[in-house]
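# Summary of structural features
Residues per chain are reported as follows:
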Amino acid sequence: FLVVCALVSAPTAYLRSLLLHVVWHFPTVPLTISTFGATLAGYGVITPLILMLARREKPAARSWRTRILHWGLVVAYLVSATVALVETDIPILFTIPLALIMIAHLVEFAEVAILILATCLIAVLSSLHGLGPLVHIPGDIKDKIYMVQGFMIVITAATLPMSAIMRDQGLLKRALQDALAEAKAGSEAKSTFLATISHEIRTPLNGVLGMAQAILMDELSPAQRKRVQVVRGSGETLLSLLNDILDLSKIEAGKLTLESIEFDLQKLVD
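Here's what I pulled together on the structure shown here. These figures come from a predicted structure and were not determined experimentally.

Conventions used here
Residues numbered from 1 in each chain as written. Predicted model: local features only at pLDDT ≥ 70, side-chain atom pairs only at ≥ 80, totals over all residues. Heavy atoms only, no water. Helix = DSSP H or I, 4+ residues; strand = E, 2+ residues; numbered from the N terminus. Rg over C-alpha atoms; globule rule 2.2 N^0.38 Å. Buried < 20%, exposed > 50% of the residue type's maximum accessible area, 1.4 Å probe, protein only. Areas by Shrake-Rupley, 256 points an atom, 1.4 Å probe, with all protein chains shown as cover. Phe/Tyr/Trp six-rings, centres within 6.5 Å; stacked < 30°, edge-to-face > 60°. Contact = heavy atoms within 4.5 Å. Patch = residues over 30% accessible without salt bridge, like charges linked within 9 Å, V, L, I, M, F, W, Y side chains within 5 Å. Salt bridge = Lys/Arg side-chain N within 4 Å of Asp/Glu carboxyl O. Axes fitted to C-alpha atoms, helices over the stretch in contact; angles between N-to-C directions. Parallel < 35°, antiparallel > 145°, perpendicular 65-115°, else oblique. Left-handed = near helix turned anticlockwise from the far one by under 90°.

### Considering the overall build of the protein
Within the protein, the secondary structure is distributed over 8 helices and 0 strands. Counting from the amino terminus, the protein carries its helices and strands in the arrangement α-α-α-α-α-α-α-α. In summary, the protein has a C-alpha radius of gyration of 38 Å against a globular reference of 18 Å for 270 residues, an excess of more than 25%. In terms of principal-axis extent, the alpha carbons of the protein reach across some 125 × 40 × 30 Å. The 270 residues of the protein split such that 26% are buried. Of the roughly 18,000 Å² that the protein leaves accessible, carbon and sulfur atoms contribute 70%.

Structure, rendered in C-alpha cells:
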C-alpha cells in the first residue's frame, strides 16, 4: 500500500511543482520533494480510512450504556489529544498513539476513524498557529512540516491496522454466531422431523406386529410358522430402531429418561 501511495505521489507532486514553477517560478526540485511528503502523508492517512469506511458492514448491536461509554472515551481522548498537541511544557505527545491503540480495542472502527482524522486536524491547526511540541523542534519550517506529516502517518499506521483487525474479528464472531444459530435451527428441524416420521412409521408397524402375532395363534405348518416368526422378528427389530431414533430426539431435547426393567441377558446377547 505504501509503495502504491509513493508511486502515485511522485508524479502528482512533480506535476504540481511544475505548474507552480510555470506560474510563479518556484524551484521545481525542492518543491517536488516537499509536496511529495505532503501527498504521501495525505494518501497514507485518508485512503485507508475511506476504503474501510466504504465497506459499510452493519455495526454490532450495543446497549445505551455501551454507547455512552464509547462516546465518553471519544470525548475524553479528544480533550486529552488537544491538550497534548497544544501544550509545549508537558511532553505527553507520545501518549497519543498509545491511547488510540487502547481505544481501538473498545470502540467501533468508525469511531476510531473519526479520532484519527480529528487528531490529524488538531495537529495541523495547532502547528499552523505555532502551538504544541511539533513546532518547537529544531530546524526550519520545512523540518516542522515534515514532523507534522510524520506524526500523522505514525498515528494512522499505529492505530488503523489494529482497529481493522478488531473490526474483522467482530464481524467473524457475529458470522460464527449466525452460523451456529442456523446450524442449531437445522438440527432442531431434523430432530422434529425424525420424531414425527418415527411416530408415523411406528403406527402401521404396530398393526403389522399385531397381525403377525395373531397369525401365529392359528394352525400353521412348521414352514409357515417359521416365516411368520421371521416377519415378526424383523418387525420388532424395525420397531427397536424407531425407538432408538425417538430416544435420540429425546436426548437432543434433554428429555431422555432411563428405564429400569427386567430382561433376559441370554436373549439379549443372542
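### Brief notes about the packing of aromatic side chains
Two measures describe an aromatic ring pair: the distance that separates the ring centres and the angle between the ring planes. Evaluation of the coordinates by the stated rule reveals 1 aromatic pair. Ring centres 6.4 Å apart and planes at 25° place the aromatic pair Trp-24 and Phe-26 in the stacked group. For Trp-24, a relative accessible area of 55% puts it in the exposed group. Taking relative accessible area as the criterion, Phe-26 reaches 38% and is therefore assigned partly exposed.

### Concerning the environment of Leu-85
Summarising the element assignment, Leu-85 is placed in helix 3 (residues 64–86). Put simply, Leu-85 and Leu-258 are 173 residues apart on the chain and 72 Å apart in space, counted from C-alpha to C-alpha. Discounting chain neighbours no more than four positions away, the residues touching Leu-85 are Leu-93, Ile-96, Thr-119, Ile-122, Ala-123, Ser-126, Leu-131, Gly-132, Pro-133, Leu-134 and Phe-151.

### Observations concerning a nonpolar patch on the surface
A cluster of nonpolar side chains, Tyr-14, Leu-15, Leu-18, Leu-19, Val-22, Val-23, Trp-24 and Phe-26, forms an exposed patch at the surface whose accessible area comes to about 810 Å². Mapped onto the fold, Val-23 is located in helix 1 (residues 2–24). Residue classification places Val-23 among the partly exposed residues on the basis of a relative accessible area of 44%.

### With respect to the packing of helix 4 (residues 95–104) against helix 6 (residues 141–216)
At a minimum axis separation of 9 Å, helix 4 and helix 6 run at an interaxial angle of 15°. Viewed along their axes, helix 4 and helix 6 adopt a mutual orientation that is roughly parallel. The handedness of the crossing between helix 4 and helix 6 is right-handed. Touching Ile-96, Pro-97, Leu-100, Ile-101 and Ala-104 of helix 4 are Phe-151, Val-154, Ile-155, Ala-158, Thr-159, Met-162, Ser-163 and Met-166, all from helix 6.

Keep in mind that these numbers describe shape and distance, not what the molecule does.
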